[in-house]
Amino acid sequence: MNTVQTIQELQDRVRTARSVGKRIGCVPTMGALHAGHVSLIEAARVETDFVVVTVFVNPTQFGPGEDLSKYPRPLEADLAKCRDGGVDLVFNPDVATVYPAGDATFVEVPSCSQSLEGAHREGHFRGVATVVLKLFNMVLPDVAYFGQKDYQQQLLIRHMVKDLNVPVEIRTCPTIREPDGLALSSRNIYLSDAERRSALVLSQALKIGHAVCTAQKKAPAEARQAMLELLANHPEVKLDYAVIADANTLAEVDVAVPEMVALIAARVGTTRLIDNMLISTH
Ligand code: AMP
């Protein structure tokens, strides 16, 4: 496995792989890799011949007062996980490589950026869309892998790729969870033991929302109510939103549609967590 910092070295190696007929898979990450990231690497290994993992903590997707400066950056451990996972190339650029002085163009994807995470994290999705398009143009992958964990993000990237005719196939891989249901996240390391126990209510609320819509066959409005009732028992969990939405448009639904998604975001202590669960009623 090779690790490169410059776009030139990256593209030389990717071009060499492509010249012998290899399909290029890309897994964009901010590092602090866990089993969720590793599942994306595994999917890339199965479907493509040359797997590039990008490790870059993207400053433009953090708002003022968010955790950019304290975001974990355990590069050696990340490289070991990539090596163990059979990654071919790690691209670990510095900020000036991705955003050289004078860089001023940003990508806006208004169809997915306004609600939910977009409403709570101003500028977040503009930063995400911009860095993902930049990374695509640097790596030039055939296929790119994202987690369902960041549901709105993968939808946004799908819209961007379609709207801008970006020649990359997008795959969305299932959310990897701890045995007790907590979705893996690089931010879980911020949680104290008590906060980690409180954080379980997110996945529990999603399961309740799912059960009310499917096993009980009730309307999403009732499912949302059941989620809110459970969350109300945990005042230490500061809710940003808990909704049931159309899985394709993210418009909130009161009446069932075939493909829905329950989405939740909350702060536990100072740590902001998100999670979601697909709900299919057919
Ligand atoms: P991040 O490093 O947080 O930017 O995440 C990089 C990629 O890993 C994104 O596509 C995430 O959606 C994905 N990811 C993060 N957590 C999980 C998880 N628990 N299961 C599956 N994918 C995940």
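Here the structure is a predicted model, which means the values were calculated and not measured.

All right, on to the overall build of the protein chain then. In terms of helices and strands, the protein chain carries 10 helices and nine strands. Considering only C-alpha atoms, the protein chain reaches an extent of 55 × 40 × 40 Å along its principal axes. Here the protein chain holds 282 residues, and the buried ones make up 51% of them. On the protein chain, roughly 13,000 Å² of surface is accessible, and the fraction owed to carbon and sulfur atoms is 53%. Across the protein chain, the 28 positively charged side chains and the 33 negatively charged ones have centroids separated by 1 Å.

A separate point is the packing of aromatic side chains. A complete count under the given rule lists three aromatic pairs for this structure. Look at Phe136 and Phe146: their rings are 6.3 Å apart centre to centre, the planes differ by 70°, and that puts the pair in the edge-to-face class. Of the two residues, Phe136 is situated in helix H7 (residues 124–139) and Phe146 in strand S5 (residues 143–147); the sequence distance between them amounts to 10 residues. Each member of the pair, Phe136 as well as Phe146, is classed as buried. Taking NZ or CZ as reference, Lys70 lies 4.2 Å from the ring centre of Tyr190, over its face.

Quick look at the domain arrangement of the protein chain now. What the domain assignment reports for the protein chain is domain 1 (2–173) and domain 2 (186–275). Computed over C-alpha atoms, the centres of domain 1 and domain 2 are 26 Å apart. Contacts between the two partners involve 19 residues from domain 1 and, on the opposite side, 16 residues from domain 2. Carbon and sulfur atoms make up 54% of the area that domain 1 and domain 2 hide from each other, which totals about 1,600 Å². The tally of links between domain 1 and domain 2 comes to two salt bridges. The partner of Glu117 in a salt bridge is Arg272, with the nearest N and O atoms 2.7 Å apart. The tally of links between domain 1 and domain 2 comes to eight residue pairs in polar contact (both at pLDDT 80 or more). For the side of domain 1 that touches domain 2, the secondary structure elements donating two or more residues are helix H6 (117–120) and helix H8 (151–163). Here the side of domain 1 that touches domain 2 is built from residues that sort into seven nonpolar, six polar and six charged.

This brings us to the site of the ligand. Taken together, 17 residues are adjacent to the ligand, and His37, Gly147, Asp150, Ile176 and Leu184 come closest. A distance of 2.6 Å is found between an oxygen atom of the ligand and a side-chain nitrogen or oxygen belonging to Asp150. Calculation on the ligand without its partners gives an accessible area of 490 Å², and the protein chains cover 93% of this total. Elements with a minimum of two residues in the shell around the ligand: strand S2 (24–29), helix H2 (35–47) and S5. For the shell around the ligand, the element with the highest residue contribution is H2, accounting for three residues.

Take the environment of Pro59 next. If you trace the backbone, Pro59 turns up in the loop between strand S3 (50–55) and helix H3 (75–84). Overall, the relative accessible area of 22% leaves Pro59 in the partly exposed class. Taking the C-alpha atoms as reference, Pro59 lies 28 Å from Gly86; in sequence the two are 27 residues apart. Apart from residues no more than four positions distant in its own chain, Pro59 is found in contact with Leu68, Val95 and Tyr99.

Ordered in space as S7-S8-S9, the three strands form an open sheet in which the pairing is antiparallel. The sheet is open, and its two edges are formed by strand S7 (237–246) and strand S9 (271–280), each paired on a single side. Along the sheet, successive strands turn relative to each other by an average axial angle of 10°, direction set aside. Where S7 and strand S8 (residues 259–268) come together, nine bridges link them in antiparallel fashion. When the bridges of S8 are listed, Ile244 appears paired with Ala262. Contacting S7 and S8, helix H10 (residues 220–232) crosses the sheet at an angle of about 165° to S7.

Scanning the entire structure with this criterion turns up 13 salt bridges. The closest approach of N and O atoms between Lys134 and Asp103, which form a salt bridge, is 2.9 Å. Placement of Lys134 in helix H7 and of Asp103 in the loop between helix H4 (95–98) and helix H5 (110–113) is noted, with a sequence separation of 31 residues between them. Of the residues examined, Lys134 reaches a relative accessible area of 17% and is grouped as buried. Here Asp103 falls in the partly exposed class, since its relative accessible area comes to 30%. Arg177 is the partner of Asp275 in a salt bridge, and the nearest nitrogen-oxygen pair spans 2.8 Å. With Asp275 in strand S9 and Arg177 in the loop between strand S6 (169–173) and helix H9 (193–213), this pair connects stretches of sequence that are 98 residues apart.

What counts and how
Residues numbered from 1 in each chain as written. Predicted model: local features only at pLDDT ≥ 70, side-chain atom pairs only at ≥ 80, totals over all residues. Heavy atoms only, no water. Helix = DSSP H or I, 4+ residues; strand = E, 2+ residues; numbered from the N terminus. Buried < 20%, exposed > 50% of the residue type's maximum accessible area, 1.4 Å probe, protein only. Areas by Shrake-Rupley, 256 points an atom, 1.4 Å probe, with all protein chains shown as cover. Lys, Arg positive; Asp, Glu negative; His and termini not counted. Charge placed at Lys NZ, Arg CZ, Asp CG, Glu CD. Phe/Tyr/Trp six-rings, centres within 6.5 Å; stacked < 30°, edge-to-face > 60°. Lys NZ or Arg CZ within 6 Å of the ring centre and 35° of its normal. Domains from an automatic or database assignment. Contact = heavy atoms within 4.5 Å. Buried area = accessible area lost by both parts, 1.4 Å probe. Salt bridge = Lys/Arg side-chain N within 4 Å of Asp/Glu carboxyl O. Polar contact = N/O pair within 3.5 Å; in protein donor to acceptor, adjacent residues only side chain to side chain. Nonpolar A, V, L, I, M, F, W, Y, C, P; charged D, E, K, R; others polar. Near = heavy atom within 4 Å. Pairing = 2+ DSSP bridges. Axes fitted to C-alpha atoms, helices over the stretch in contact; angles between N-to-C directions.

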